[in-house]
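Examination of the molecular architecture
Single-letter residue listing:
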2 protein chains.
Amino acid sequence: MVKGKRSSQLGAENGIETRKKIIKTARALFMEYGYRGVSTRKIAESCGITQPALYHHFPNKQSIYLEMLRNDLLEMKTSLQRIVQSCDEMKESLERIIYFLLERYPFNLHQLFHDIEHEVAEEHHETIQEWWRSACQRPIATLFEEGIEKGTIYSEGNNQIDAERYSFLLMNVLSQRDQRLRSRKELSEQASFLATFILYGVSSQSRLTTNNES
Amino acid sequence: MVKGKRSSQLGAENGIETRKKIIKTARALFMEYGYRGVSTRKIAESCGITQPALYHHFPNKQSIYLEMLRNDLLEMKTSLQRIVQSCDEMKESLERIIYFLLERYPFNLHQLFHDIEHEVAEEHHETIQEWWRSACQRPIATLFEEGIEKGTIYSEGNNQIDAERYSFLLMNVLSQRDQRLRSRKELSEQASFLATFILYGVSSQSRLTTNNES
DNA sequence: CCTACCGATCGGTAGG
DNA sequence: CCTACCGATCGGTAGG
């Protein structure tokens, strides 16, 4: 039993390592191929274990997905809150938010939403939506709300609703990525281009009028 | 042989009707659940036929998907070209394009791109990309190019490349839909909101400056 | 001998 | 963490 305890402790440590490896591997695969496009055998194979061994660490395929999602959204929340708090100027905040999302989450956001809607059991939808709101929707909407209060961002009246709509639009703009963009310089240029688009649109007059102030 | 000919003609007509019904049904299912989320049995069931009967009309599942895609993109091409040609004012064109896409294709565009990339055989990718470019990318880019030439749309120098980038952004903005919007009035308001966003962004100054002219 | 379709089952693979 | 499997369902095809 003493030997059993020792090996069980080591086993637990290895088990935790394996668990992390499963999450990391599954994340890359899920983001590339989608939930249905990744089999548990594929995840196991990529981790160097057999498929039934997965079920020693997780009760089912869905729980791997949810754990991965929870980890990602917790990290996203921390990062976005830090960016929003540390920047004073709207355009700089937008550029840094966009750069962060392009670099750290270089995948299709709508595949994610699709998988959550169609592959994850409905009982988890509300939880996931709250994760998403606090990780992404709220920090970005906060930024726009501050802009509306300062008068730099347009609002038709209801500041909070307009800020949320803009936050939704920002995510849409980032939803489909040009996968060719990879270098730091290219990402930075793309972030600047998108931030300018979100602020001033494609009209030449709005850009010329507003660019003079900065 | 005469009787045979007659019954074969009627059979062919019924066959064509069934084929159209399969395409129409498969379209709705594929757009809601994605390629992998729809089984051939589900398609057949929704058409009121058995699953093996599908293989009388199509050699395989993929060919149903490709036929549906080709039909949709041919229709989209005609409609978008008509809108672009019939409108003189940029904002009106944008609103009508957005309204058309929201109403006629109320699904997630990125699920479509994902399915094409991961589920359709690579030999068809180039063909599909050309369908997409001529149906959507080119008509919308043409609109922005005209705006750039008139001076109303901003360009950093290369008009054609900037117009294509804007066309890509417009599709991104439309990629994720608020499924609650359904009535004609709501769609119309959403189209106006999005067209204004694309033209002037979220900055209050760019909107106030430019709104006075219209 | 054709068509449009049926019930049943093929080889393989999914999550568990 | 393995081998050996399960109930079910997948896309596709057999004979009638």
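Residues numbered from 1 in each chain as written. Chains lettered and ligands numbered in written order. Predicted model: local features only at pLDDT ≥ 70, side-chain atom pairs only at ≥ 80, totals over all residues. Heavy atoms only, no water.

**Considerations on the nonpolar core**
Put simply, the rule reads: Only buried residues count toward a nonpolar core. Its members are Ala, Val, Leu, Ile, Met, Phe, Trp, Tyr and Cys residues joined through side-chain atoms within 4.5 Å. A simple rule labels every residue: compare its accessible area, found with a 1.4 Å probe on the protein chains alone, to the largest value its type can have, and call it buried under 20%, exposed over 50%, or partly exposed in between. Any pair of residues with heavy atoms lying within 4.5 Å of one another is described as a contacting pair.
Membership of the largest hydrophobic core comes to 128 residues, with the highest contact counts inside it found for Met76, Phe144 and Ile198 of chain A together with Met76 and Phe144 of chain B. Setting aside its immediate chain neighbours within four residues, Met76 of chain B contacts Phe100, Leu101, Tyr105, Trp132, Ala135 and Cys136 of chain B.

**Observations concerning the relation of the copies chain B and chain A**
Heads up, the rule is: Superposing copies: least-squares fit, C-alpha atoms only, residues required to have pLDDT of at least 70 in both.
Expressed as a screw transformation, the operator carrying chain B onto chain A has a rotation angle of 180° and an axial translation of 0.0 Å, and the superposed copies differ by an RMSD of 0.2 Å. Here the copies are linked by what is in effect a two-fold axis. Most of the interface of chain B is mirrored in chain A: 100% of its interface residues are interface residues there too.

**Notes on the packing of aromatic side chains**
Defined as follows: Classification of ring pairs rests on two measures: the distance between centres of Phe, Tyr or Trp rings, Trp counted by its six-membered ring, which must be within 6.5 Å, and the angle between planes, read as stacked under 30 degrees, edge-to-face over 60 and tilted in between. Helix numbering and strand numbering both begin at the N terminus, where a helix is a DSSP run of H or I of at least 4 residues and a strand a DSSP run of E of at least 2.
Counting across every chain of the model gives 15 aromatic pairs over all chains. Ring plane angle 75° and centroid distance 5.6 Å describe the contact between Phe197 of chain A and Phe197 of chain B, whose orientation is recorded as edge-to-face. On the criterion of chain membership, the pair formed by Phe197 of chain A in helix H9 (residues 184-200) and Phe197 of chain B in helix H9 (residues 184-200) is interchain, its members lying in two chains. Judged by its relative accessible area of 1%, Phe197 of chain A falls in the buried class. Ring geometry for Tyr35 of chain B versus Tyr65 of chain B: centroids 5.2 Å apart, planes at 90°, classification edge-to-face. Placement of Tyr35 of chain B in the loop between helix H1 (2-33) and helix H2 (40-47) and of Tyr65 of chain B in helix H4 (residues 61-86) is noted, with a sequence separation of 30 residues between them. Exposure remark for Tyr65 of chain B: the relative accessible area of 1% places this residue in the buried category.

**Structural notes on the domain arrangement of chain A**
Residues and elements named next belong to chain A. Here is the rule: Domain boundaries shown here were taken from an automatic or database domain assignment. Here the quantity called buried area is the total loss of accessible area, with a 1.4 Å probe, experienced by two parts when brought into contact, counted for both. Salt bridges, as used here, are contacts in which a Lys or Arg side-chain nitrogen is within 4 Å of a carboxyl oxygen on Asp or Glu. We define a polar contact as two N or O atoms separated by no more than 3.5 Å, with the added condition that, inside protein, one atom must be a possible hydrogen donor and the other a possible acceptor, whereas residues neighbouring each other in sequence contribute only through side-chain atom pairs. Only Asp, Glu, Lys and Arg are considered charged, only Ala, Val, Leu, Ile, Met, Phe, Trp, Tyr, Cys and Pro nonpolar, and every remaining residue, Gly among them, polar.
Segmentation of chain A into domains returns domain 1 (1-58) and domain 2 (60-203 + 210-214). Tallying the contact residues gives 17 residues for domain 1 and 17 residues for domain 2. Of the roughly 1700 Å² buried where domain 1 meets domain 2, counting both sides, 65% is carbon and sulfur surface. Contact with domain 2 buries area across many residues of domain 1, yet Arg27, Met31 and Tyr35 alone supply 48% of it, more than any other trio. If you look at where domain 1 meets domain 2, you find three salt bridges. Between Glu119 and Arg36 there is a salt bridge whose closest N-O contact spans 3.4 Å. Scanning the region where domain 1 abuts domain 2 turns up ten residue pairs in polar contact (both at pLDDT 80 or more). Listing elements by their share of the side of domain 1 that touches domain 2, those giving two or more residues are helix H1 (2-33) and helix H3 (51-57). With nine residues, H1 is the largest single contributor of residues to the side of domain 1 that touches domain 2. Residue composition of the side of domain 1 that touches domain 2, by class: eleven nonpolar, two polar and four charged.

**Notes on the interface of chain B and chain A**
On the chain A side, the residues contacting the 41 residues of chain B number 41 residues. Across the interface of chain B and chain A, roughly 3900 Å² is buried in total on both sides, 58% from carbon and sulfur atoms. Its largest share of buried area at the contact with chain A, chain B owes to Tyr154, Gln176 and Val202 of chain B, together 17% of the area lost on that side. In this assembly, chain B and chain A are joined by zero salt bridges. Inspection of the region where chain B meets chain A yields 24 residue pairs in polar contact (both at pLDDT 80 or more). Every element with two or more residues in the side of chain B that touches chain A is listed here: H1, helix H6 (109-118), helix H8 (159-173), H9 and helix H10 (204-211) of chain B. Here the side of chain B that touches chain A gets seven residues from one element, more than from any other, and that element is H9 of chain B. Of the residues in the side of chain B that touches chain A, the class split is 16 nonpolar, 20 polar and five charged.

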